[in-house]
Amino acid sequence: MKFRQALIGFVSLLGAASAHALVDPGSHYDNANNFSTAQNPNGVWSYGYSYAVGGEFNAFATSASASNGLQTWFTLNLPDIGTLVYHNASLNPLSLSTATVAGLEAGFHPGIESLAIYRFTAPSAGTYNVEASFFTHDSSATGVDVYVLKNGGTSLFAAPLAHSGAYTFTFWSGGVTLAAGGTLDFVVGSAGNYLHDATGLGVQIAAVPEPQTYALLGIGLGIVGIAARRRAYMQG
């Protein structure tokens, strides 16, 4: 009887821990779905700018929300005030001069001298699977440079996003190991021409369960199997 009670207690605890580690909804992050103008940083996301690739990160100080669903973060006194991040909170596409932002999409725009940045900060140490899509929002786009940086300096991805007269995109994915507080920066720069540089960004980040989670789950299933066989033997 004591063995049975201990077994039930252990399996219940194991199941709760394993389920939390495997299906915790907080382990998935999306720059568009998580966008907010309430505060900066906003959970794992920060919005800001730098004056060089890998340069000092400066958080945007001002946010705004328009009645059409456009949400933005920016800083008023930049030498080139067009540097910002944005999000369409509505389900309908927004037309902004020559740019069109689909419903629920996010993006950013660099300045003449500064780069716009979405920064992800790891809430805990571990490996994260990352997918990032950069794409043109402006039909008159002249081309930008895009980057993914680890911890503010290590380049994981760098590419020009040229414009060919139609929708253009580039994509990067990979597994990244970060310490708690480690960062990933998703960056856009003007590539020398500031005009028509509105660039969409879609980032999906998911924490990879640690190997011991699967080991514990396997042990738990093994114990359940042993208990079931023991019970069948005793009843037989």
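Not measured: the values here are computed from a predicted model.

Engineer: Explain the environment of A66 here, please?
Structural biologist: Secondary-structure assignment places A66 in the loop between β4 (62–65) and β5 (70–74). For A66, a relative accessible area of 40% gives the class partly exposed. It is 9.7 Å that separates the C-alpha atoms of A66 and A89, two residues lying 23 residues apart in sequence.

Engineer: Quick question: what am I supposed to make of the confidence of the model for the chain here?
Structural biologist: Interpretation of this model should avoid reading the predicted coordinates in detail wherever pLDDT is low. Considering every residue of the chain, the mean pLDDT works out to 83; 77% of them sit at 70 or more. Scored below 50 in pLDDT, residues 2–25 makes 18 contacts in the model with residues more than four places away or belonging to other chains. Residue range residues 212–221 is modelled with pLDDT below 50. Its contacts to residues more than four positions away, or to other chains, number 10 contacts.

Engineer: Would you mind showing me how to read the side chain of D30 here?
Structural biologist: Structurally, the position occupied by D30 is in strand β1 (residues 28–30). No salt bridge is formed by the buried D30; the nearest opposite charge belongs to R119, separated by 17 Å. In terms of polar contacts, D30 uses its side chain to reach the backbone amide nitrogen of N33, at 2.9 Å. Dropping the residues within four chain positions of it, D30 is found in contact with W45, V203 and Q204.

Engineer: Even after reading the chapter, I still don't get unusual backbone geometry, so can you show me in this structure?
Structural biologist: Outside of glycine, negative phi angles account for most residues, and trans bonds account for most peptide bonds. The omega torsion across N40 and P41 is 10°, close enough to zero to call that bond cis. Turning to its location among the elements, P41 is positioned in the loop between β1 and β2 (45–50). With a phi angle near 70°, L104 is a residue other than glycine that sits in the positive phi range. Position of L104 among the secondary structure elements: in the loop between β8 (99–101) and β9 (106–109).

Engineer: How do you make sense of the environment of H137 when you look at a structure like this?
Structural biologist: When you line up the elements, H137 lands in the loop between β11 (126–136) and β12 (144–150). Take H137: its relative accessible area is 6%, and that puts it in the buried class. H137 sits 41 residues away from L96 along the chain, and the two C-alpha atoms are 9.6 Å apart. Leave out the neighbours within four places in its chain, and H137 touches Y86, T98, A99, T100, V101, E105, A106, A198, T199 and G200. Of note is the side chain of H137, whose polar atom sits 2.7 Å from the side chain of Y86.

Engineer: Mind showing me how you'd approach the nonpolar core here?
Structural biologist: Note on soluble globular proteins: their nonpolar side chains tend to be buried together. Among the nonpolar cores identified, the biggest contains 36 residues, and W45, Y118, F120, F134, F186 and I205 are the most heavily contacted of them. Per-element tally for this core: the top contributor is β11, with four residues.

Engineer: What is the right way to look at the environment of N33 in this model?
Structural biologist: In this structure, N33 sits in the loop between β1 and β2. Residue class for N33 comes out exposed when judged on its relative accessible area of 59%. Along the sequence, N33 and G202 sit 169 residues apart, while their C-alpha atoms lie 9.5 Å from each other.

Engineer: Please explain the packing of aromatic side chains as it appears in this structure.
Structural biologist: Describing an aromatic ring pair means giving the distance of the ring centres and the angle of the ring planes. With the rule as written, the count across this model stands at 12 aromatic pairs. On the basis of an interplanar angle of 15° and a centroid distance of 6.5 Å, the ring pair of F108 and F134 is categorised as stacked. Here F134 lies in strand β11 and F108 lies in strand β9, a separation of 26 residues in the sequence. No difference in accessibility class separates F108 from F134, as the two residues are buried.

Calculation criteria
- Residues numbered from 1 in each chain as written.
- Predicted model: local features only at pLDDT ≥ 70, side-chain atom pairs only at ≥ 80, totals over all residues.
- Heavy atoms only, no water.
- Helix = DSSP H or I, 4+ residues; strand = E, 2+ residues; numbered from the N terminus.
- Buried < 20%, exposed > 50% of the residue type's maximum accessible area, 1.4 Å probe, protein only.
- pLDDT = per-residue confidence, 0-100.
- Contact = heavy atoms within 4.5 Å.
- Lys, Arg positive; Asp, Glu negative; His and termini not counted.
- Salt bridge = Lys/Arg side-chain N within 4 Å of Asp/Glu carboxyl O.
- Polar contact = N/O pair within 3.5 Å; in protein donor to acceptor, adjacent residues only side chain to side chain.
- Core = buried A, V, L, I, M, F, W, Y, C linked by side-chain atoms within 4.5 Å.
- Phe/Tyr/Trp six-rings, centres within 6.5 Å; stacked < 30°, edge-to-face > 60°.

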